[in-house]
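Structural features, examined
So the chains spell out like this:
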Amino acid sequence: MRRRSWAEPWKIKVVEPIKMLSRAERARALAEAGFNTFLLRSDDVYIDLLTDSGTNAMSDRQWAGMMLGDEAYAGSRNFFRLQEAVTRYYGFPHLIPTHQGRGAEHILAKLLIKPGDHVPGNMYFTTTRLHQELAGATFHDVIVTAAHEPASEHPFKGDVDLARLDALVRTVGVERIPYVSVAATVNLAGGQPISLGNLRAVRTYTAQHGIRVILDATRAVENAWFIQQREAGNRDKTVAQILCEMCACADGATMSGKKDSLVNIGGWLGLRDDALAERARNLVVVYEGLHTYGGLAGRDMEAMAIGIAESVEEDHIRTRIGQVHYLGNALIAAAVPVVRPIGGHAVFLDAVKILSHIPRDEFPAQALAAALYADSGIRAMERGAVSAGRDPVTGANRFPALELVRLTIPRRVYTQAHMDVTAESVIEVFHRRARVRGLTFTYEPEYLRFFQARFMPVVGADIFGDARHDREMLTPM
């Protein structure tokens, strides 16, 4: 058969104008932001690939649902709509709404962690690990070795290494492990999925030892799609069916609705245990809001309930991941080093390979993200040593095996043409990579430094050193 193209399964009803600043304006904006893409003004960004968190486009059904917001302080009808959606699609009988995912992480850490505990997980995530550490625990990475190898084509790099998990349990004791933290997909490994078989094996092991499993379900729908496509015995199942099977392996889940659920704000904690859920409801009143709104407006809960149902539609999830792979395959074809296989929510550039002349303590991923903005006004995110932070005991920089730049694709926001522009800019920076200079801190916050840190180039005042960067994007004909 001849090749047939595919298109996004939606029509555009509303548009938001964007503009490209001149080279000089981009350089000035980057310097004012301290070479941290988080500190750029949104108005100065051409294509915003910083994150897929809360940056998605809501559907007409979701916007219509916003008009049905019941803003009663207690017992909002929208809470019960959301509870019904979470129980139906994720399988958790108890719902504790929160303002976003980190609110759920905070409550979970307060509920389950004691000082001196140890939390194993399939690679750290920034806010998750910080909440665990602030509660007095130590995080242990028990992900498979392939997750730390960008070029590996392992189809399920998110899998837990059961031998490493068992070794930790034997070393610290079952009583010191409050739960196993399992992410689906694994963000900092490159958006890589965990297999259903591995998740079930983790559940079997933990059940034998009386240890809880807590799922980070933020991008579990995307993970379910990978299981459908890659894991034997799942091709004939729907994504919704696989999602329920995944969640059946967990005692609870934290959720940022700002990703898979297609909303701009909101999250939840889902639990099975009645007594634990009652304690969580008590804590949510202290830190978030009443247990039937958790820091959210009724209209936000309604939009999330609708978004949950839309997120598991086969056309939607196939197109969502297809757009990410379209960009990733374009970069692979140009020999740009990226994390392989391409993950679910983003394409991750291998900054260590691209900027091999920049030492790790000059933060090559941060420098690469800055260089990409300088080239084209595209905003990406560093996911390396800056994100990893400092060891809480020694104060030394953590240098994870992966030093990456994340090109994160918001859902239902950009077209394939935007992906083409992005690929062309990355390829241009890749060809000029020898001119990119490393960075050093001028300001470093104590917690989650990647959000607000400021930098300056170690050479000159421009991210490209002393070289003039006089190429401009071509105007479309």
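A quick note: this is a predicted structure, and the numbers were derived from the prediction, not measured.

**Brief notes about helix α4 (residues 101–112)**
A rise of 1.5 Å per residue sets the reference length of α4, with its twelve residues, at 16 Å; its end C-alpha atoms lie 17 Å apart and thus fit the reference within 8%. Most of α4 sits inside the fold, with nine of its twelve residues counted as buried. Within α4, the full set of buried residues consists of G101, G103, A104, E105, I107, L108, A109, L111 and L112.

**Side note on the pairing of strand β14 (residues 454–457)**
Here β14 shows a buried face lined by F455 and P457 and an unburied face lined by R454 and M456. Here strand β13 (residues 439–443) pairs with β14 via four bridges, running antiparallel. Residue pairing in the sheet places T440 in a bridge with M456 of β14.

**Remarks on the layout of surface pockets**
The calculated volume of the largest pocket comes to roughly 1500 Å³. Along its surface, the largest pocket is lined by 39 residues, and V14, N56, A57, R412 and V413 are the ones closest to its centre. Of all the elements in the fold, those that place two or more residues in the lining of the largest pocket are β1 (47–48), α2 (60–66) and α12 (314–333). At three residues, α2 tops the list of elements feeding residues into the lining of the largest pocket. When grouped by side-chain class, the residues that make up the lining of the largest pocket number 17 nonpolar, nine polar and 13 charged. Roughly 650 Å³ of volume is contained in the second largest pocket. For the lining of the second largest pocket, the secondary structure elements donating two or more residues are α4, α5 (126–134), β5 (179–183), β6 (212–216), β7 (252–256) and β11 (381–383). Broken down by element, the lining of the second largest pocket gets its largest block of residues, six residues, from α5.

**Regarding the pairing of strand β4 (residues 138–141)**
As paired elements, strand β3 (residues 118–121) and β4 share four bridges and run parallel to each other. Counted as the bridge partner of P120 is H140 from β4.

**Digging into the packing of aromatic side chains**
Under the criterion given, the structure shown has ten aromatic pairs. Relative to F80, the ring of F79 has its centre 5.1 Å away and its plane inclined at 75 degrees; by these criteria the two rings are edge-to-face. Owing to a relative accessible area of 5%, F79 belongs among the buried residues under this scheme. What links up through ring pairs into an aromatic cluster is the set F38, F450 and F451.

**What to know about the nonpolar core**
Counting residues in hydrophobic clusters, the biggest one holds 58 residues, and the most contacted among them are L82, Y90, L215, L243, M246, W268 and I308. The contact partners of L243, leaving out residues within four places of it in the chain, are Y89, Y90, A220, V221, A224 and V312. Core analysis: the next-biggest nonpolar cluster, separate from the first, contains 57 residues, Y46, L439, F455 and F464 among them.

**Looking at empty space enclosed by the protein**
Tallied over the entire structure, the rule returns three cavities of 30 Å³ or more. What lines the largest cavity is simply E8, P9, W10, H316, T319, R320, Q323, P410, R411, R412 and Y414. Across the lining of the largest cavity, the residue classes break down as four nonpolar, three polar and four charged.

**Description of the side chain of T218**
Note on placement: T218 falls in the loop between β6 and α8 (220–230). Of the residues examined, T218 reaches a relative accessible area of 9% and is grouped as buried. Side-chain polar atoms of T218 contact the side chain of D216, separated by 2.7 Å. Reaching out from T218, the side chain makes a polar contact with the backbone nitrogen of S256 at a distance of 3.5 Å. Each residue touching T218, except ones within four places of it in the same chain, is listed here: A184, T254, M255, S256, K259 and D260.

**Comments concerning helix α14 (residues 364–376)**
Counted at 1.5 Å a residue, the expected span for α14 with its 13 residues is 18 Å, and the 18 Å between its end C-alpha atoms agrees. Counting buried positions along α14 gives 13 out of 13 residues, so the element sits mostly inside the fold. Positive backbone phi, approximately 80 degrees, marks G377, located one or two places after α14.

**Focus: unusual backbone geometry**
T185 follows A184 through a cis peptide bond whose omega is -10 degrees. At the junction of R340 and P341, the peptide bond is cis and its omega measures out at -10 degrees in the coordinates. Its location among the elements puts P341 in the loop between α12 and β9 (346–350). The phi dihedral of F35 falls on the positive side, at around 55 degrees, and the residue is not glycine. Exposure remark for F35: the relative accessible area of 6% places this residue in the buried category.

**A few points about the packing of helix α6 (residues 162–172) against helix α7 (residues 196–209)**
Contact geometry for α6 and α7: axes closest at 11 Å, N-to-C directions at 20 degrees. Taken together, the axes of α6 and α7 lie roughly parallel to each other. Of the two elements, α6 crosses α7, and the hand of that crossing is right-handed. Contact with α6, carried on its side by L162, L165, D166 and V169, involves A201, V202, Y205 and H209 of α7 and no other residues of that element. Partitioned by chemical class, the residues of the contact of α6 with α7 number six nonpolar, one polar and one charged.

**Observations concerning the pattern of salt bridges**
The full count for this structure, using the stated rule, is 27 salt bridges. Here E245 and R200 are joined by a salt bridge, their closest N and O atoms 2.6 Å apart. Of this pair, E245 sits in helix α9 (residues 239–247) while R200 sits in helix α7, and the two are 45 residues apart along the sequence. Note that R360 and E403 form a salt bridge whose closest N and O atoms lie 2.9 Å from each other. Remark: E403 occurs in the loop between α15 (385–388) and β12 (404–408) and R360 occurs in the loop between α13 (351–354) and α14; sequence separation between them is 43 residues. Through salt bridges with shared partners, a single ionic network connects D52, R219, E222, D260, R320 and R411.

Reading the values: the criteria
Residues numbered from 1 in each chain as written. Predicted model: local features only at pLDDT ≥ 70, side-chain atom pairs only at ≥ 80, totals over all residues. Heavy atoms only, no water. Helix = DSSP H or I, 4+ residues; strand = E, 2+ residues; numbered from the N terminus. Expected span 1.5 Å × (residues − 1). Buried < 20%, exposed > 50% of the residue type's maximum accessible area, 1.4 Å probe, protein only. Pairing = 2+ DSSP bridges. 1 Å grid on protein atoms, 1.4 Å probe; cavity = no way out; pocket = protein on both sides within 12 Å on 5 of 7 lines; lining within 4 Å. Points joined across faces, edges and corners; volume = space filled by probe spheres on them. Nonpolar A, V, L, I, M, F, W, Y, C, P; charged D, E, K, R; others polar. Phe/Tyr/Trp six-rings, centres within 6.5 Å; stacked < 30°, edge-to-face > 60°. Core = buried A, V, L, I, M, F, W, Y, C linked by side-chain atoms within 4.5 Å. Contact = heavy atoms within 4.5 Å. Polar contact = N/O pair within 3.5 Å; in protein donor to acceptor, adjacent residues only side chain to side chain. Axes fitted to C-alpha atoms, helices over the stretch in contact; angles between N-to-C directions. Parallel < 35°, antiparallel > 145°, perpendicular 65-115°, else oblique. Left-handed = near helix turned anticlockwise from the far one by under 90°. Salt bridge = Lys/Arg side-chain N within 4 Å of Asp/Glu carboxyl O.

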